[in-house]
Structure formats: C-alpha cells, structure tokens
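Residue-level listing of the chains:
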Amino acid sequence: MNKAKRDSGRRILVVNGPNLNLLGRREPDQYGRTTLKEIEDELRSCADSRGAEIRFIQSNHEGELIDAIHKAIGWANAMIINAAGLTHSSVGLRDAVVAAALPTVEVHLSNIYRREEFRHHSLIAGVAAGQITGFGAFSYRLGIEAVLHLLDKKGL
Ligand code: DQA
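Residues numbered from 1 in each chain as written. Predicted model: local features only at pLDDT ≥ 70, side-chain atom pairs only at ≥ 80, totals over all residues. Heavy atoms only, no water.

### Topic: the overall build of the protein
So, point 1. The helix and strand tally for the protein stands at 6 helices and 5 strands.
So, point 2. Counting helices and strands in the order they occur from the N terminus, the protein gives α-β-α-α-β-α-β-α-β-β-α.
So, point 3. Its C-alpha radius of gyration of 15 Å places the protein within 12% of the 15 Å reference for a compact globule of 156 residues.
So, point 4. Burial statistics for the protein: of 156 residues in total, 49% are counted as buried.
So, point 5. A sequence separation of at least 24 residues applies to 75% of the contacts in the protein between residues at least 6 apart.
So, point 6. Entry remark: accessible area of the protein is about 7600 Å², with carbon and sulfur atoms responsible for 50%. (Helix = DSSP H or I, 4+ residues; strand = E, 2+ residues; numbered from the N terminus. Rg over C-alpha atoms; globule rule 2.2 N^0.38 Å. Buried < 20%, exposed > 50% of the residue type's maximum accessible area, 1.4 Å probe, protein only. Contact = heavy atoms within 4.5 Å. Areas by Shrake-Rupley, 256 points an atom, 1.4 Å probe, with all protein chains shown as cover.)

This is the structure in structure tokens:
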C-alpha cells in the first residue's frame, strides 16, 4: 500500500449476508449472473483508483457479520451493507450498524419493494444514510459512489 493511500482515511467495509456467496448461480433471474467475487473485484479496483482501502466480509451467520462489523470499528470509516435476508429480520445486525456509527449505504441487487411484502421492510434502512435497490450488481457500484461521496463530504 502506498503512503497516500494509507493516509487517505477512506476505508470502506463491505458486508454481505446469507446466500450471497451463491451469486451467479442463485436465482439468476432475480439476482443476475455476476458472482460475488466479480462484484468484489470491481469494487476493489474502483476503491483503488479513488484512493480508498476496502475490505469484504460475507457470511451466512448473523453473529459472524456482527463480529466483523465490531472488528471494523476503529478501522473503517464507511460501510456498504447488503444484509440479504437478515435485512428484514435482524435487530442484532441493525444494532451493530448503529454501534459502528459509520456512514452506511444499504444495497440490494433486486428491488425489494417490487417483491413479496415481507421484503418491503428493511431494519437497516432507518440507520443507513441511504438505500440503493434494484440495479443488480450495479447497485454495489452505485453504493461505492455513494460512500465515497459521503467520505468526500466529511473531508476524507
Ligand atoms: C437481497 C434481497 C433480500 O430480500 C434477499 O433475502 C436477498 C438478497 C438483494 O440483494 O436483492 O438475499 O438483499
């Protein structure tokens, strides 16, 4: 890592929840054919070109996601989160987002408001700076633009 990057203060944690490890194969009509690795590679190269550091966590286990957010406290200064199914159910994950106190952008591949009613409510939305939903893998690209914008506004 070069010095400019180390000193940039732009450090982004990207959190992906249950079943997103299967992207590319999982319900492709709903979520597309892009794999999580491809999404992460694109985010990494976008972060690199914008002088930001980025780390990724994907887990199928709620507690692991919460632990990863706790561990990022003191390192990260922004977060992108697709909590997947936990979006609609996890008070614990929402509380971890609040505890981390980072500017956070919620992303979803599918448009959760065009799907079943139980997906219309996000426990993350009320504690995020904003939400991007429905653009497939491109939602993450929009998500990183949004967090970089938030960091810019903070002068980081
Ligand atoms: C999702 C939407 C959730 O409702 C669903 O449980 C997912 C993926 C999305 O990215 O569209 O696993 O978060």
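### What to know about the site of the ligand
So, point 1. Residues in close proximity to the ligand include Arg26, Tyr31, Asn82, Ala84, Gly85, His88, His108, Leu109, Ser110, Ile112, Arg115 and Arg119, which together make up its full environment.
So, point 2. Histidine 88 places a polar side-chain atom, nitrogen or oxygen, 2.7 Å from an oxygen atom of the ligand.
So, point 3. Within the side chain of histidine 108, a nitrogen or oxygen atom sits 2.8 Å from an oxygen atom of the ligand.
So, point 4. Contact with the protein chains removes 98% of the 320 Å² of surface that the ligand exposes when unbound.
So, point 5. For the shell around the ligand, the residue count by class is 4 nonpolar, 5 polar and 3 charged. (Near = heavy atom within 4 Å. Polar contact = N/O pair within 3.5 Å; in protein donor to acceptor, adjacent residues only side chain to side chain. Nonpolar A, V, L, I, M, F, W, Y, C, P; charged D, E, K, R; others polar.)

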